[in-house]
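Working through the structure, step by step
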Amino acid sequence: MVNNTYPSLADRVVLITGGASGIGAALVRGFATQGAKVGFIDLDDAAAEALVADLFHVKHSPLYRHCDLTDTAALRATIDEFRARLGAIGVLVNNAANDVRHGFADVSPERFDQLVAVNLRHQFFATQAVAGDMRGLGGGAVICLGSVGWMQKNAGYPVYATAKAAIHGLVGGLARELGASAIRINALVPGWVMTEKQKTLWLDAEGEATIDRMQCLRARLQPDDIARAALFLASDDAAMITGQSLIVDAGWV
Ligand SMILES: NC(=O)c1ccc[n+]([C@@H]2O[C@H](COP(=O)([O-])OP(=O)(O)OC[C@H]3O[C@@H](n4cnc5c(N)ncnc54)[C@H](O)[C@@H]3O)[C@@H](O)[C@H]2O)c1
């Protein structure tokens, strides 16, 4: 549930990667409910179509396209299609990722590259693909989803952790260049968010106890908590915020 209204987001073209489920679905709902023209990419057609159907009441029905964003040529072509259908892209939310577990000793160079492709590379190339739109619009906002996982020194996904740490380098490395065109780029860094996937795959009694011990706030983080922060960062209310990291983790780190 998003309470605030951001008039600057109405009719803005917003591209969200990995928007069919989890935090991405909350982002699609949040931006669409603000009256934005949302385009989103995913692999999960059934979840995407159900989400679009559920948003029958919004001003602009979200536009879904199936695309494997580890295929950079396909990603570029899909972004071209969104531009042709929706107009110049003013907001990009680089959300898609995969926190699949992998053992340090077992990672081959090929597996390393796959994990970087799904957790980092598309954030760079999607940003590159929309920068011209944002320049033409006189500005824009890019939001890159990071993770507190590597700050917590969690084991079990070292390449995911490496990729997510690099999001901060991506943001810092582009903020000055993009800032010259009034394009803002920020990292949005979630704590442990209770998506259906997290609850099904990873959350157990030990996890609940760890959350109780480590978070300053006792409530569980929900996808909407991240969406609310994304709406603010994307809106003109955040006009002078760039090159920053906003951590939404209930005070864990
Ligand atoms: N959920 C958490 O606790 C948590 C914690 C820290 C950071 N994050 C970050 O927040 C973001 C969203 O997390 P989430 O938990 O909702 O993720 P998720 O894994 O539940 O959902 C990611 C979405 O991306 C899609 N996707 C995956 N690979 C794709 C590909 N190759 N091409 C196109 N789409 C693809 C999936 O189908 C899915 O809809 C991610 O960047 C994640 O790293 C999440």
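Our subject is the structure that appears above.
This text gives an overview of the structure that appears in the document. (Residues numbered from 1 in each chain as written. Predicted model: local features only at pLDDT ≥ 70, side-chain atom pairs only at ≥ 80, totals over all residues. Heavy atoms only, no water.)

1. Brief notes about the site of the ligand
Condition: Nearness is defined per residue: one heavy atom within 4 Å of the molecule or strand is enough. For this analysis, a polar contact is any N or O atom pair within 3.5 Å, provided that within protein one partner can donate a hydrogen and the other can accept it, and provided that sequence-adjacent residues contribute only side-chain to side-chain pairs. Here a cavity denotes grid points, spaced 1 Å and computed from the protein atoms alone, that fit a 1.4 Å probe unable to get out, and a pocket denotes an open set having protein on both sides within 12 Å along at least 5 of 7 lines; residues with an atom within 4 Å of a point are the lining. What decides whether a molecule sits in a cavity or pocket is whether more than half of its atoms lie within 2 Å of the grid points. Helix and strand assignments come from DSSP, with helices taken as H or I runs of at least 4 residues and strands as E runs of at least 2, each series counted from the N terminus. Each residue gets one of three labels, nonpolar for Ala, Val, Leu, Ile, Met, Phe, Trp, Tyr, Cys and Pro, charged for Asp, Glu, Lys and Arg, and polar for the others, Gly among them.
Around the ligand, a shell composed of 26 residues is seen, among which Asp 42, Asn 95, Tyr 160, Val 193 and Lys 197 lie nearest. In this structure, Ile 23 approaches the ligand through a main-chain N or O atom, which is 2.8 Å from an oxygen atom. Leu 69 is positioned such that a nitrogen or oxygen atom in its backbone is 3.1 Å from a nitrogen atom of the ligand. Applying the majority rule of atoms within 2 Å of the grid points places the ligand in the largest pocket. Those elements that provide at least two residues to the shell around the ligand are α1 (22-33), α5 (158-179) and α6 (196-201). Looking at the shell around the ligand residue by residue, the classes come out as 12 nonpolar, 10 polar and 4 charged.

2. What about the packing of helix α4 (residues 109-137) against α5?
We apply this condition: What counts as an axis is a line fitted to C-alpha atoms, over the stretch in contact for a helix, and the angles between N-to-C directions run from 0 to 180 degrees. Any angle from 65 to 115 degrees is called roughly perpendicular, while one under 35 is roughly parallel, one over 145 is roughly antiparallel, and all others are oblique. In this scheme the crossing of two helices becomes right-handed for a clockwise turn of the near helix relative to the far one and left-handed for an anticlockwise turn of less than a right angle. Note on definitions: a residue-residue contact is assigned when non-hydrogen atoms from the two residues lie within 4.5 Å.
Where α4 meets α5, the closest approach of the two axes is 9 Å, and the angle between their N-to-C directions is 20°. As the angle between them shows, α4 and α5 are arranged roughly parallel. The two elements α4 and α5 meet at a crossing, and its hand is right-handed. Facing Phe 112, Leu 115, Val 116, Asn 119, Leu 120, Gln 123, Phe 124, Thr 127, Ala 131 and Arg 135 of α4, the residues of α5 in contact are Val 159, Tyr 160, Ala 163, Lys 164, Ala 166, Ile 167, Leu 170, Leu 174 and Leu 178. Classifying every residue of the contact of α4 with α5 by side-chain character gives 14 nonpolar, 3 polar and 2 charged.

3. Regarding the sheet that holds strand β5 (residues 140-145)
Keep this limit in mind: At least two bridges found by DSSP between two strands are what make those strands a pair.
Across the sheet, 7 strands lie side by side as β3-β2-β1-β4-β5-β6-β7; this open sheet has parallel pairing. In this open sheet, the two edge strands, each paired with only one partner strand, are β3 (63-66) and β7 (245-248). Direction aside, neighbouring strands of the sheet carry axes that sit 15° apart on average. Bridge analysis of strand β2 (residues 37-42) against β3 gives 4 bridges, and the strand direction is parallel. Bridge pairing in β3 places Asp 42 opposite His 66. Sitting on the sheet, α1 is in contact with β1 (13-17), β2, β4 (91-94) and β6 (183-190), with an inclination near 170° to β1. Contacting β1, β2 and β3, helix α3 (residues 72-86) crosses the sheet at an angle of about 160° to β2.

4. Observations regarding the nonpolar core
What counts here: Definition of nonpolar core: a set of buried residues of the types Ala, Val, Leu, Ile, Met, Phe, Trp, Tyr and Cys, connected through side-chain atoms within 4.5 Å. Burial classes: relative accessible area under 20% of the type maximum marks a residue as buried, over 50% as exposed, and values in between as partly exposed (1.4 Å probe, protein chains only).
Counting residues in each nonpolar core, the largest one holds 37 residues, and the members touching the most others are Ile 16, Phe 31, Phe 40 and Leu 188. Mapped onto this core, the elements with two or more residues apiece are β1, α1, β2, α2 (45-54), β4, β5 and α8 (223-234). Those residues within four positions of Phe 40 in sequence are excluded, and the remaining contacts are Ile 16, Gly 19, Ala 20, Val 28, Ala 48, Leu 51, Val 52, Pro 62, Leu 63, Tyr 64, Arg 65 and Phe 82. Judged by nonpolar contacts, the second largest core, of 32 residues, contains Cys 67, Ala 126, Val 171 and Leu 174.

5. Observations regarding the pairing of β4
A two-sided burial pattern is seen for β4, the buried positions comprising Val 91 and Val 93 on one face and Leu 92 and Asn 94 on the other. Pairing of β1 with β4, which is carried by 3 bridges, proceeds in the parallel orientation. Looking across to β4, one finds that Val 14 is bridged to Val 91. Where β4 meets β5, 4 bridges bridge the pair, whose relative direction is parallel.

6. Quick word on the pattern of salt bridges
Note the following rule: The salt bridge criterion pairs a side-chain nitrogen of Lys or Arg with a carboxyl oxygen of Asp or Glu, the two atoms within 4 Å.
Applying the stated criterion across every chain, the model contains 13 salt bridges. Salt-bridge contacts for Arg 220 lead to Glu 208; the nearest nitrogen and oxygen are separated by 2.7 Å. Of this pair, Arg 220 sits in the loop between α7 (205-214) and α8 while Glu 208 is found in helix α7, placing the two residues 12 residues apart along the sequence. Taking the relative accessible area as the measure of exposure, Glu 208 reaches 29% and is therefore partly exposed. The shortest N-O distance in the salt bridge between Asp 212 and Arg 220 comes to 2.9 Å. The class for Arg 220 is partly exposed, based on a relative accessible area of 23%.

7. Examining the layout of surface pockets
For the record, the criterion: Grid points are joined across faces, edges and corners, and a volume is the space filled by probe spheres set on the points.
By volume, the largest pocket amounts to about 1,200 Å³. Around the largest pocket, the lining comprises 44 residues; the ones closest to its centre are Asn 98, Asp 99, Tyr 160, Lys 197 and Gln 198. For the lining of the largest pocket, the elements supplying multiple residues, two or more each, are α1, β2, α5, α6 and α7. Looking at the lining of the largest pocket, its residues break down into 19 nonpolar, 17 polar and 8 charged. Roughly 310 Å³ of internal volume is contained in the second largest pocket. Gly 139, Gly 140, Ala 182, Arg 184 and Ala 239 are the residues nearest the centre of the second largest pocket, which is lined by 17 residues in total. Those elements that provide at least two residues to the lining of the second largest pocket are β5 and β6. Class assignment for the residues of the lining of the second largest pocket results in 7 nonpolar, 7 polar and 3 charged.

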